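Descriptive analysis of the structure
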Amino acid sequence: MAYEPALEKQRQVQQLVIDKRGTDEQTPFHLLLVEHYPPVITVSRRASATEHLVASEQQLKDAGVQVCATDRGGDITYHGLGQLVGYPICDLNALSLRLHDYMRFLEKCIIDVLHQFDIEGKRDEGATGVWVEDAKICAMGVRVTRWVSMHGFALNVSPNLSHFNLIVPCGLADRSVTSMELLLGASCPSMDEVKSVVLQTMDRAIASRVQAL
C-alpha cells in the first residue's frame, strides 16, 4: 500500500479506538502490517529533518522514491518493499504505559522477534529503535493522540538497502543500516514468516502486560 492511504487508515482506526473507549464495543488494540509501495521517504516535523534528505529530485525520480510529510515523531526514514512496517494502534491507558515506556515496549517486542530468527538485537540508550552491533535494523517513531498510539516500527527484512543512501537515516550520520537478509543470507525468512512471528510476539506481549495490571 502507498504511504498516504495507509496513514489515513491509521487515523480512522485510531479514531475508532478513541470513540469506543469505555464502551461495551471498545477495541483497544490493533496492529496494521504493510509493505509500502511505491517506496517512500517520510519526513517528520522536526526542524532538522528536511536537511537529512540528501538526494536530488533527479535521484529520487530515478529510484522511483516518493517523499511524504508525516506527523510521527523522530526524523527522516525510508519505507519500501521488503521492509515490514507495523502500525500498532493501542490505547496506552489500557496498557498503563506512557510514551517512553511504550517505546521500550515496542523495542522489546522487536528484539524478541529477531531472537526467534537467531539475530541478537539490542537497544541503544542514545537512539530509539533496534540495533544489531552498530547498525539499525528497525526504526521507530510514533504519535499519540488522547493516549492512543499510531505509527510504529519499520523492520528491515529484505529491503533495497541502497535506497537508504538517499537520506541520513533517522538523522544519524555516523550509523549504518542493516537487514535480516544481510545478516542471514539464504536463510533469511520470508515476509510471511516474519509477519506471523511479529503478530504472535506482540499478541503475547500485550496479553502479558494486561494480565499483569
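Now for a description of the structure that goes with this document. (Residues numbered from 1 in each chain as written. Predicted model: local features only at pLDDT ≥ 70, side-chain atom pairs only at ≥ 80, totals over all residues. Heavy atoms only, no water.)

1. Examining the nonpolar core
Where a protein is soluble and globular, its nonpolar side chains tend to be buried together. Of all hydrophobic cores here, the largest spans 33 residues; its most connected members are Leu 155 and Met 180. Every element with two or more residues in this core is listed here: β5 (83-90), α3 (92-95), α4 (99-115), β7 (127-132), β8 (135-145), β9 (148-156) and α6 (191-212). For this core, the element with the highest residue contribution is α4, accounting for nine residues. Leave out the neighbours within four places in its chain, and Leu 155 touches Gly 82, Gln 83, Leu 84, Ile 110, Val 113, Leu 114, Ile 137, Cys 138, Met 180 and Val 194. Judged by nonpolar contacts, the second largest core, of 12 residues, contains Leu 60, Tyr 78, Ile 167 and Val 177. (Core = buried A, V, L, I, M, F, W, Y, C linked by side-chain atoms within 4.5 Å. Buried < 20%, exposed > 50% of the residue type's maximum accessible area, 1.4 Å probe, protein only. Helix = DSSP H or I, 4+ residues; strand = E, 2+ residues; numbered from the N terminus. Contact = heavy atoms within 4.5 Å.)

2. Brief notes about the sheet that holds strand β3 (residues 66-69)
Read across the open sheet, the three strands follow the order β3-β2-β4; overall the sheet is mixed. The open sheet has two free edges, formed respectively by β3 and β4 (76-79), since each of these has just one partner strand. Neighbour-to-neighbour, the strand axes of the sheet open up by a mean angle of 25°, direction not taken into account. Strand direction decides the pairing type here: strand β2 (residues 40-43) and β3, joined by four bridges, are parallel. Within β3, the position partnered with Val 43 by the bridge is Ala 69. Lying over the sheet, helix α1 (residues 3-20) contacts β2, β3 and β4, oriented at roughly 25° with respect to β3. (Pairing = 2+ DSSP bridges. Axes fitted to C-alpha atoms, helices over the stretch in contact; angles between N-to-C directions.)

3. Observations regarding the packing of aromatic side chains
Counted by the stated rule, this structure contains two aromatic pairs. A ring pair is formed by Tyr 78 and Phe 164, whose centres lie 5.1 Å apart and whose planes are at 70°; its orientation type is edge-to-face. Placement of the pair is Tyr 78 in strand β4 and Phe 164 in the loop between β9 and β10 (176-177), with a sequence separation of 86 residues. The exposure class assigned to Tyr 78 is buried, which follows from its relative accessible area of 2%. Judged by relative accessible area, Phe 164 falls into the buried class, the value being 6%. Geometrically, the ring pair formed by Tyr 102 and Phe 105 is stacked, given 6.4 Å between the ring centres and 20° between the ring planes. With Tyr 102 and Phe 105 both in helix α4 and three residues apart, this pair spans about one turn of that helix. By the burial criterion, Tyr 102 is buried, and Phe 105 matches it. (Phe/Tyr/Trp six-rings, centres within 6.5 Å; stacked < 30°, edge-to-face > 60°.)

4. A closer look at the pairing of β5
With eight of its eight residues buried, β5 lies for the most part within the structure. Residue alternation in β5 divides its side chains into two sets, Gln 83, Val 85, Tyr 87 and Ile 89 and Leu 84, Gly 86, Pro 88 and Cys 90, and both sets are buried. Where strand β1 (residues 29-34) lies against β5, six bridges are found, and the strand directions are antiparallel. By the bridge assignment, Val 34 is partnered in β5 with Val 85. Pairing between β5 and β9: four bridges, direction antiparallel. Looking at β9, one finds that Val 85 is bridged to Ala 154.

5. What about the packing of α4 against α6?
Here α4 crosses α6 at 135°, and the two axes come no closer than 9 Å. In terms of their interaxial angle, α4 and α6 are classed as oblique. The element α4 and its partner α6 pack so that their crossing is right-handed. Residue-level inspection shows Phe 105, Leu 106, Cys 109, Asp 112 and Val 113 of α4 in contact with α6, the latter providing Val 197, Val 198, Thr 201, Met 202, Ala 205 and Ile 206. (Parallel < 35°, antiparallel > 145°, perpendicular 65-115°, else oblique. Left-handed = near helix turned anticlockwise from the far one by under 90°.)

6. A look at the pairing of β8
Of all the 11 residues making up β8, eight are buried; the element is thus mostly covered by neighbouring parts of the structure. Both β7 and β8 contribute to a ladder of three bridges, which runs antiparallel. Its bridge partner lying in β8, Val 130 is registered against Cys 138. In sequence, β7 turns back onto β8 through a hairpin of two residues, with Glu 133 there showing a positive phi of about 55°. Bridge analysis of β8 against β9 gives eight bridges, and the strand direction is antiparallel. By the bridge assignment for β9, Met 140 is matched with Phe 153. Connecting β8 to the antiparallel partner β9 that follows it, the hairpin turn spans two residues, and Arg 146 within it adopts a positive phi of roughly 50°.

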